[in-house]
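# Breakdown of the fold
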Amino acid sequence: MKKNLKKLTSVVLAAGMLTSVAAVGLSAAAAEAGVLKVASISDIQYSSAHTDSSYVDGDLLIGQSAAMLDAAIESISASDADIVVVTGDLTADGTQASHNYVAGQLAELETAGKQVYVIPGDKDVSESGVNTGAITKAQFATTYADFGYTEAGANKSGASYMVAPKAGFNLIMLDTVAADGMGAVPAADLTWATAAAQAASGVTVAASPTPHAEILKVAKDILAARDITLEITEFT
């Protein structure tokens, strides 16, 4: 999906929520920063162990994930999107082989002139406890170094990081992978991200109505207690 993000400034927030299916969030400061066009990919669910196109896992078409990723890359490459955010569950099994494949495919987007930013989902890293054979968050950051982590430099906390993809915009990629597999923001990351959000005049988050907007309505009061104003824009 792609949204034209007009008259939005300072902090752009992309966070994997609970199941790591996430929306792109935007944080507004006092002055306009022009337009940032964002394309979003989530739940690629690639598995190097299951490349047969007929393979399914429940309602997940794992065997078709490579073809669907190729189609998404082709569509986004031909679009006028400025950046691409990939918000979790890049793989179905979290193995290094699966991540290497996805990283190689995402490199095609950067060749097409689209800067790509990634964040892990619960299936991507071992810390969630979902996939025992998955790589660690540190290995994830190394594997996807060219997709946000190197650009962030020291401006990161754990697997979370912040970059400036375009003048007037900052992008926070927030890790929500927790040991129970359900999702939570690590305390250190939350403190770090809160400081970044407080530096802006407020946060506007674009999210799908269910379940993300519903979750955000609960978060709104929590953020208010931290002196952060949250506005929610629903899209379908």
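See the structure printed just above.
Small disclaimer: the values here were computed from a predicted structure and weren't measured. (Residues numbered from 1 in each chain as written. Predicted model: local features only at pLDDT ≥ 70, side-chain atom pairs only at ≥ 80, totals over all residues. Heavy atoms only, no water.)

Attention shifts here to the packing of helix α1 (residues 65–77) against helix α2 (residues 96–111). Between α1 and α2, the least distance of the axes is 9 Å, while the angle of their chain directions is 20°. Relative to α2, the element α1 is oriented roughly parallel. Note that α1 runs across α2; the crossing there is right-handed. Here Ala66, Leu69, Asp70, Ile73, Ile76 and Ser77 of α1 lie close against α2, whose contacting residues are Tyr101, Gln105, Leu106, Glu108 and Leu109. When grouped by side-chain class, the residues that make up the contact of α1 with α2 number 7 nonpolar, 2 polar and 2 charged. (Axes fitted to C-alpha atoms, helices over the stretch in contact; angles between N-to-C directions. Helix = DSSP H or I, 4+ residues; strand = E, 2+ residues; numbered from the N terminus. Parallel < 35°, antiparallel > 145°, perpendicular 65-115°, else oblique. Left-handed = near helix turned anticlockwise from the far one by under 90°. Contact = heavy atoms within 4.5 Å. Nonpolar A, V, L, I, M, F, W, Y, C, P; charged D, E, K, R; others polar.)

Turning our eyes to something else, we now look at the pattern of salt bridges. Counting across every chain of the model gives 3 salt bridges. For the salt bridge of aspartate 80 with lysine 37, the shortest nitrogen-to-oxygen distance reads 2.6 Å. Note that aspartate 80 is positioned in the loop between α1 and β5 (83–87) and lysine 37 in strand β4 (residues 35–41), a separation of 43 residues in sequence. For the salt bridge of lysine 137 with aspartate 175, the shortest nitrogen-to-oxygen distance reads 2.6 Å. In this pair, lysine 137 is assigned in helix α3 (residues 137–143) and aspartate 175 in the loop between β9 (169–174) and α5 (187–198), connecting sequence segments 38 residues apart. (Salt bridge = Lys/Arg side-chain N within 4 Å of Asp/Glu carboxyl O.)

A word on the nonpolar core. In a soluble, globular protein the nonpolar side chains are often hidden away together inside. Val86, Leu90, Leu106, Val118 and Tyr144 are the most contacted members of the largest nonpolar core, which has 38 residues in total. Of all elements in the fold, only β4, α1, β5, α2, β6 (115–119), α4 (145–152), β8 (160–166) and β9 reach the threshold of two or more residues within this core. Discounting residues that sit within four places of it in the chain, leucine 90 has contacts with Ile44, Gln45, Tyr46, Val102, Leu106, Val118, Ile119, Asp124, Phe140 and Tyr144. Counting 7 residues, the second largest nonpolar core, distinct from the first, contains Val203, Val205, Leu216 and Leu230. (Core = buried A, V, L, I, M, F, W, Y, C linked by side-chain atoms within 4.5 Å. Buried < 20%, exposed > 50% of the residue type's maximum accessible area, 1.4 Å probe, protein only.)

The terminal C-alpha atoms of α2, which comprises 16 residues, lie 23 Å apart, in line with the 22 Å expected from a rise of 1.5 Å per residue. Listed as buried for α2 are Ser98, His99, Val102, Ala103, Gln105, Leu106 and Leu109. In this structure, the buried side of α2 is in contact with β4, α1, β5, β6, α3 and α4. Trailing α2 by a residue or two, glycine 113 shows a phi angle of about 90°, which is positive. (Expected span 1.5 Å × (residues − 1).)

We now examine the layout of surface pockets. Space inside the second largest pocket adds up to approximately 220 Å³. Of the residues forming the lining of the second largest pocket, the biggest block, 4 residues, is contributed by α1. Tallied by class, the residues present in the lining of the second largest pocket amount to 8 nonpolar, 3 polar and 1 charged. (1 Å grid on protein atoms, 1.4 Å probe; cavity = no way out; pocket = protein on both sides within 12 Å on 5 of 7 lines; lining within 4 Å. Points joined across faces, edges and corners; volume = space filled by probe spheres on them.)

In the Ramachandran plot, aspartate 43 falls in the positive-phi region, its phi being about 55° despite a non-glycine side chain. Mapped onto the secondary structure, aspartate 43 falls in the loop between β4 and α1. Classification of aspartate 43 as partly exposed rests on a relative accessible area of 25%. Of note, aspartate 89 is a non-glycine position whose phi angle comes to about 50°, a positive value. Within the fold, aspartate 89 resides in the loop between β5 and α2. The exposure class of aspartate 89 is buried, given its relative accessible area of 3%.

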